[in-house]
Amino acid sequence: MASQDEFEAAAKAVNALPKAPSTDQMLELYGLYKQASAGDASGSRPGMLDPKGRAKFDAWAAHKGTSAEAARAAYVALAKKLGA
C-alpha cells in the first residue's frame, strides 16, 4: 500500500510530466485520485450537455467500493508506469 506522502508526491509528479497522459489515462488518474481523497462518488451524474463532467464522474464512480488505501496504491502504480 502507498502512504499518503507517496500519493501526494505521485500527484505532483503527474502534474509535472513532460508529455501529457492520454485522455483515458487522465480519467483513470482522476477517478483514482477522487476515490483516494473523497471516497465513493456522490451527487448526481452530470447531464448530456456536460460531457467532460460526465466522463469525470463516470471515471470516479468506476472505483466505487475501492478503499482509499487501494486507490492510493493504484494511483501511485499508474503514475510510476507513466514515468512520474
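Up top you'll find the structure we're talking about.
Residues numbered from 1 in each chain as written. Predicted model: local features only at pLDDT ≥ 70, side-chain atom pairs only at ≥ 80, totals over all residues. Heavy atoms only, no water.

Caption draft 1: Focus on the layout of surface pockets. Looking at the largest pocket, its volume works out to about 240 Å³. If you go around the largest pocket, the residues you meet are Ala-11, Val-14, Asn-15, Pro-21, Thr-23, Met-26, Leu-27, Leu-29, Tyr-30, Tyr-33 and Tyr-75. Breaking the lining of the largest pocket down by element, the ones donating at least two residues are helix 1 (4–15) and helix 2 (23–38). Counting residues per element, the lining of the largest pocket draws most heavily on helix 2, at six residues. (1 Å grid on protein atoms, 1.4 Å probe; cavity = no way out; pocket = protein on both sides within 12 Å on 5 of 7 lines; lining within 4 Å. Points joined across faces, edges and corners; volume = space filled by probe spheres on them. Helix = DSSP H or I, 4+ residues; strand = E, 2+ residues; numbered from the N terminus.)

Caption draft 2: Representation of helix 2. The first and last C-alpha atoms of helix 2 sit 22 Å apart over 16 residues, in line with the 22 Å expected at 1.5 Å per residue. Every buried residue of helix 2 is listed here: Leu-29, Gly-31, Leu-32, Gln-35 and Ala-36. Projection of helix 2 onto a plane perpendicular to its axis shows the buried side chains occupying an angular sector of 160°, all on one side. Contacts made by the buried residues of helix 2 are with helix 1, helix 3 (51–61) and helix 4 (68–81). A positive backbone phi angle near 85° is found at Gly-39, which sits one or two residues after helix 2. (Expected span 1.5 Å × (residues − 1). Buried < 20%, exposed > 50% of the residue type's maximum accessible area, 1.4 Å probe, protein only. Arc of directions from axis to C-beta. Contact = heavy atoms within 4.5 Å.)

Everything listed here is a matter of coordinates, which is why it stays silent on function.
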